[in-house]
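Understanding the architecture of this molecule
So you can see what is in the structure, the chains are spelled out below.
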Amino acid sequence: MTPSSGSHETPHQPAKPAKALWRAAETKAILEELSNSLRRSLADHQTMLDVLLQRRAELPLELGELFEDASNAYMEMSERISQRFLSARNTLLE
């Protein structure tokens, strides 16, 4: 039996199961929310720090250390993402 004209199936690419499509959509939504959240947080932190610096507030060294700790954690996450991306790309090339 041939697929109907409205089907997205091709002889070389079977349709994804509904569960896989749902997971892909859910993953996309999570990635979008994470990206938006990170951008908002970064903008908020920059704004708050600018206000403190304009007021010439005495900032504790611990705040700088906290930003460094956060930076290191984000660098580790970035490296994990890069490693996973490169691993997946190498798998596709094999």
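A brief report on the enclosed structure follows.

The rules behind each value
- Residues numbered from 1 in each chain as written.
- Predicted model: local features only at pLDDT ≥ 70, side-chain atom pairs only at ≥ 80, totals over all residues.
- Heavy atoms only, no water.
- Helix = DSSP H or I, 4+ residues; strand = E, 2+ residues; numbered from the N terminus.
- Buried < 20%, exposed > 50% of the residue type's maximum accessible area, 1.4 Å probe, protein only.
- Areas by Shrake-Rupley, 256 points an atom, 1.4 Å probe, with all protein chains shown as cover.
- Patch = residues over 30% accessible without salt bridge, like charges linked within 9 Å, V, L, I, M, F, W, Y side chains within 5 Å.
- Salt bridge = Lys/Arg side-chain N within 4 Å of Asp/Glu carboxyl O.
- Lys, Arg positive; Asp, Glu negative; His and termini not counted.
- Charge placed at Lys NZ, Arg CZ, Asp CG, Glu CD.
- 1 Å grid on protein atoms, 1.4 Å probe; cavity = no way out; pocket = protein on both sides within 12 Å on 5 of 7 lines; lining within 4 Å.
- Points joined across faces, edges and corners; volume = space filled by probe spheres on them.
- Nonpolar A, V, L, I, M, F, W, Y, C, P; charged D, E, K, R; others polar.
- Expected span 1.5 Å × (residues − 1).

Turning our eyes to something else, we now look at the overall build of the protein chain. Secondary structure assignment for the protein chain yields two helices and zero strands. Per-residue burial over the protein chain gives 0% buried out of 94 residues. When the accessible surface of the protein chain is split by element, carbon and sulfur atoms take 58% of a total near 9200 Å².

Our next topic: a negative patch on the surface. On the surface, Glu62, Glu65, Glu68 and Asp69 cluster together to form a negatively charged patch. The class for Glu68 is partly exposed, based on a relative accessible area of 49%.

Under the criterion given, the structure shown has one salt bridge. Between Glu33 and Arg40 there is a salt bridge, and its shortest N-O distance comes to 3.2 Å. When its relative accessible area of 45% is taken as the criterion, Arg40 is described as partly exposed.

Right, let's talk about the layout of surface pockets for a bit. In this structure, the largest pocket spans a volume of roughly 870 Å³. Lining of the largest pocket is provided by 21 residues; of these, Leu34, Leu38, Tyr74, Met77 and Ser78 occupy positions nearest its centre. Taken together, the elements giving at least two residues each to the lining of the largest pocket come down to α1 (18–54) and α2 (61–93). By residue number, the principal contributor to the lining of the largest pocket is α2, which donates twelve residues. A per-class count over the lining of the largest pocket returns 13 nonpolar, six polar and two charged.

Between its first and last C-alpha, α1 extends 54 Å over 37 residues, near the 54 Å set by a 1.5 Å rise per residue. Looking one or two places after α1, you find Arg56, whose phi comes out positive at around 55 degrees.

Another aspect to go through is a nonpolar patch on the surface. A cluster of nonpolar side chains, namely Leu34, Leu38, Tyr74 and Met77, defines an oily patch on the protein surface of about 380 Å² accessible area. Summarising the element assignment, Tyr74 is placed in helix α2. Classification of Tyr74 as partly exposed rests on a relative accessible area of 45%.

Geometric values such as these leave the question of function open.
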